[in-house]
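Letter by letter, the chains look like this.
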Amino acid sequence: MEAIHGELLGGFRERFGRAPVVGARAPGRVNWIGEHTDYQEGLVLPSAIDRDTWVLATPRPGRHFRVWTRDLDEAGAFDVADLEGERRGEGPAGWLDYVKGVVFALRERELDVAGFDLAIASSLPLGSGLSSSAALEVAVATLLDGALGLGLGPEGCARVAHRGEQRYVGVACGILDPFACALGRADHALRIDCRSQEVRPIAVPPGRVALLIAHSGVTRELAASAYGDRVAECRAAVLAARQAGLVPGAGALRDLSPDDLPALAGVLEPTLLRRARHVITENARVDAFCAALGRADLEAAGALLVEGQRSLAEDYEVSIPEIDALCADAAELPGVYGSRLTGAGFGGCTLHLVAPEAAAEVSSALAARFERRFGRTPSILEARPSDGASFVSL
Ligand code: GLA
């Protein structure tokens, strides 16, 4: 983290011919469990991780932004006035759209945004399912909040980042990613109730757990992917349940419990039933997982991850062969409690709950097996649950 900050300082001076005066960082995240539940007002359990995105900046006269990303060595520019009420155009979102989305959301709140020269660098792999986009959005929101004294605070920055992603970038995502990046707490997971937006830190048993994250090497384009189809299928399931008179007040799948599944089976067509079953049972798994962590019962926690993966693969159909293989291979290795995909799926990463003394061995065995199957080396990192975003004056 410090290394990135140092390198980016030099890059900033070269690019803009002066020194940055403010900076912010925001971490990526993993989600232990509670996948595809946030947009149905359900429960999620992410941790921020010790890989992050840095932004450094200096104010400019006027309301113009010049932005440079060190990792891609690309530059872009925009005027704050261009973003007032204007959503982005068609086509896949680019890195600059995430910066613009934050400014868009701030203007929507009628907050005054001045111009900046701004440089970005990240230790998060892009598009890997570790929330590189939310980390960028939250970092920019945190930077502008601190530099302009907007008084948003971490939760406000998370909401602004979320609003920018939904309204400007155009992804119908939930609050999981920005809340995790903004509010993460070292050595904890966050149980977030996406309806009340209550956040409860849950301690990860100290010294008992290593968290491995393996990247399948398959990246996804969230906006253009089947993610939107899943969001729509969930809405259709809620509507059908309501029309059939099941749980009349149901506004989201959050309102249904595993006890409602037999009745739902009578009214939903098979695909919608499987989608609903995933979300409904996944909410229950979040609380069971929190309880298992509370008892330091890692066997039980691992079994819930395995069950979650089965549900994501079979009922929600968001897994891919590389992710299935990483989970199946890990299940055969000593010291692995459980594994599943983390994030939206269709590619991205797996997380593995592992005994710390086995972590190095598991990591190399998993990489070797993956290489034999797919002919390429997966990147596997050990991550630590970390603090959320922060602002610095330089
Ligand atoms: C992506 C979205 C989140 C959430 C997850 C799936 O990361 O950005 O809002 O829906 O997928 O749990």
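Structure report, in brief. (Residues numbered from 1 in each chain as written. Predicted model: local features only at pLDDT ≥ 70, side-chain atom pairs only at ≥ 80, totals over all residues. Heavy atoms only, no water.)

Considering the site of the ligand
Which entries qualify depends on this criterion: In these notes, residues near a molecule or strand are those with any non-hydrogen atom within 4 Å of it. Pairs of N or O atoms within 3.5 Å make up the polar contacts considered here, provided that, within protein, one atom can donate a hydrogen while the other can accept it, and that residues adjacent in sequence are counted only when both atoms are side-chain atoms. All accessibility values rest on the Shrake-Rupley procedure with a 1.4 Å probe; residue burial counts only the protein chains present in the view.
Around the ligand, the structure places Arg-29, Glu-35, His-36, Asp-38, Tyr-39, Cys-173, Gly-174, Leu-176, Asp-177, Tyr-227 and Ala-344. In this structure, Glu-35 approaches the ligand through a side-chain N or O atom, which is 2.6 Å from an oxygen atom. Contact distances for the ligand include 2.6 Å between an oxygen atom and a side-chain N or O atom of Tyr-227. In isolation the ligand offers 300 Å² of accessible surface; the protein chains occlude 98% of this area.

Some points on the pairing of strand β4 (residues 74-79)
Operational definition: Two strands are said to pair when DSSP picks up at least two bridges between them. Every helix listed is a DSSP run of H or I at least four residues long, and every strand listed is a run of E at least two residues long, numbered separately from the N terminus.
Looking at chain direction, strand β3 (residues 64-69) and β4 are connected through six bridges and run antiparallel. Pairing of Arg-66 across the sheet is with Ala-77, part of β4. Remark: four residues form the turn of the hairpin made by β3 and β4, two consecutive strands paired antiparallel; Asp-73 in that turn has positive phi of roughly 45 degrees.

Focus: helix α8 (residues 270-294)
Defined as follows: What a helix should span is 1.5 Å times the count of its residues minus one.
The terminal C-alpha atoms of α8 lie 36 Å apart, and with 25 residues this matches the ideal 36 Å at 1.5 Å per residue to within 8%. The residue sitting at the N-terminus of α8 and contributing the capping side-chain oxygen is Glu-269; that oxygen lies 3.1 Å from the backbone nitrogen of Thr-271. Ala-296 occupies a position one or two residues after α8 and carries a positive phi of about 55 degrees.

A closer look at the state of the cysteines
Operational definition: In this description, the term disulfide denotes a pair of cysteine sulfurs within 2.5 Å. Throughout this description, buried means an accessible area under 20% of the type-specific maximum (1.4 Å probe, protein chains only), exposed means over 50%, and partly exposed covers the range between.
All chains considered together, the criterion is met by zero disulfides. With no disulfide of its own, Cys-194 has Cys-173 as its nearest cysteine by sulfur position, at a separation of 11 Å. Under the relative-accessibility criterion, Cys-194 is labelled buried at 8%. Cysteine Cys-349 remains unbridged, with the sulfur of Cys-327 as its closest cysteine sulfur at 11 Å.

So, the packing of aromatic side chains
Inclusion rule: Each Phe, Tyr or Trp ring (for Trp, its six-membered ring) is paired with any other whose centre lies within 6.5 Å, and the angle between the two planes then decides the class: stacked below 30 degrees, edge-to-face above 60, tilted in between. Note on criteria: charge over ring means Lys NZ or Arg CZ within 6 Å of the ring centre, with the direction from the centre no more than 35 degrees off the ring normal.
Applying the stated criterion across every chain yields a total of seven aromatic pairs. A network of ring pairs unites the aromatic residues Phe-65, Phe-78 and Phe-116 as a single cluster. Above the face of the Tyr-316 ring, Arg-230 is positioned so that its terminal group lies 5.9 Å from the ring centre.

Comments concerning the packing of helix α10 (residues 321-331) against helix α11 (residues 359-374)
Packed helix pairs are characterised by how far apart their axes lie and by the angle those axes make with each other. Formally: Between N-to-C directions, angles span 0 to 180 degrees; the directions come from axes that are lines fitted to C-alpha atoms, helices contributing only their stretch in contact. What sets the label is the angle itself: under 35 degrees gives roughly parallel, over 145 gives roughly antiparallel, 65 to 115 gives roughly perpendicular, and the rest give oblique. Crossings are assigned a handedness: left-handed for a near helix turned anticlockwise from the far helix by less than a right angle, right-handed for a clockwise turn. Any two residues whose heavy atoms approach within 4.5 Å are treated as being in contact. Residues are grouped as follows: nonpolar covers Ala, Val, Leu, Ile, Met, Phe, Trp, Tyr, Cys and Pro; charged covers Asp, Glu, Lys and Arg; every other residue, Gly included, is treated as polar.
Relative to each other, α10 and α11 sit at 140 degrees, their axes nearing to 10 Å. Considering the angle they form, α10 stands oblique to α11. For the pair α10 and α11, the sense of crossing is right-handed. Between α10 and α11, the residues in contact are Pro-321, Glu-322, Ala-325, Leu-326, Asp-329 and Ala-330 and Leu-366, Arg-369, Phe-370, Arg-373 and Phe-374, respectively. The class makeup of the residues in the contact of α10 with α11 is seven nonpolar, no polar and four charged.

Overview of the pattern of salt bridges
Note the following rule: One speaks of a salt bridge when a side-chain nitrogen belonging to Lys or Arg is within 4 Å of a carboxyl oxygen belonging to Asp or Glu.
A complete count under the given rule lists 30 salt bridges for this structure. With its nearest N and O atoms 3.0 Å apart, the salt bridge here joins Asp-187 to Arg-384. Within this pair, whereas Asp-187 is found in the loop between α5 (176-183) and β6 (188-193), its partner Arg-384 is found in the loop between β11 (379-383) and β12 (390-393), the two being separated by 197 residues in sequence. On the accessibility criterion, Arg-384 (48% relative accessible area) is partly exposed.

Side note on helix α6 (residues 227-243)
As a reminder of what qualifies: Arc, as used here, means the arc of the directions from the helix axis to the C-beta atoms.
Between its first and last C-alpha atoms α6 spans 25 Å; for 17 residues at 1.5 Å apiece the expected length is 24 Å, and the two agree. Those residues of α6 that fall on the buried side of the exposure criterion are Tyr-227, Arg-230, Val-231, Glu-233, Cys-234, Ala-237, Val-238 and Ala-241. Projection of α6 onto a plane perpendicular to its axis shows the buried side chains occupying an angular sector of 160 degrees, all on one side. Those residues of α6 that are exposed and aimed more than 90 degrees away from the buried face are Arg-235 and Gln-243. The elements touched by buried residues of α6 are α7 (261-265) and α8.

What to know about the pairing of strand β10 (residues 349-354)
The element β10 is largely enclosed, with a buried count of six among its six residues. Where strand β8 (residues 210-215) and β10 come together, six bridges link them in antiparallel fashion. Each bridged residue has a counterpart across the sheet, and for Leu-211 the counterpart in β10 is Leu-353. Remark: six residues form the turn of the hairpin made by strand β9 (residues 336-342) and β10, two consecutive strands paired antiparallel; Gly-343 in that turn has positive phi of roughly 95 degrees.

Some remarks on the environment of Tyr-39
The topology assignment puts Tyr-39 in the loop between β1 (22-33) and β2 (43-60). Along the primary structure Tyr-39 and Cys-194 are separated by 155 residues, whereas in three dimensions their C-alpha atoms are 7.8 Å apart. Apart from residues lying up to four places away in sequence, Tyr-39 is in contact with Ala-172, Gly-174, Tyr-227, Arg-230, Val-231, Cys-234 and Tyr-316. A distance of 2.7 Å separates the side chain of Tyr-39 from the side chain of His-36, its partner in a polar contact.

Quick look at unusual backbone geometry
Peptide bonds are trans in most cases, and residues, glycine excluded, mostly fall at negative phi. Located in the positive-phi region is His-36, a residue other than glycine, with phi close to 60 degrees. Unlike most non-glycine residues, Asp-187 shows phi in positive territory, near 60 degrees. You can call Asp-187 partly exposed: its relative accessible area is 32%.

Focus: the nonpolar core
Applied cut-off: By nonpolar core is meant a set of buried Ala, Val, Leu, Ile, Met, Phe, Trp, Tyr and Cys residues that side-chain atoms within 4.5 Å join together.
Ranked by internal contacts, the top residues of the largest apolar core, which has 106 residues, are Trp-32, Phe-65 and Leu-144. At 10 residues, the largest contribution of residues to this core is made by α8. The residues contacting Phe-65, other than those within four sequence positions of it, are Gly-76, Ala-77, Phe-78, Val-80, Val-103, Val-113, Ala-114, Gly-115, Phe-116, Leu-118 and Leu-144.

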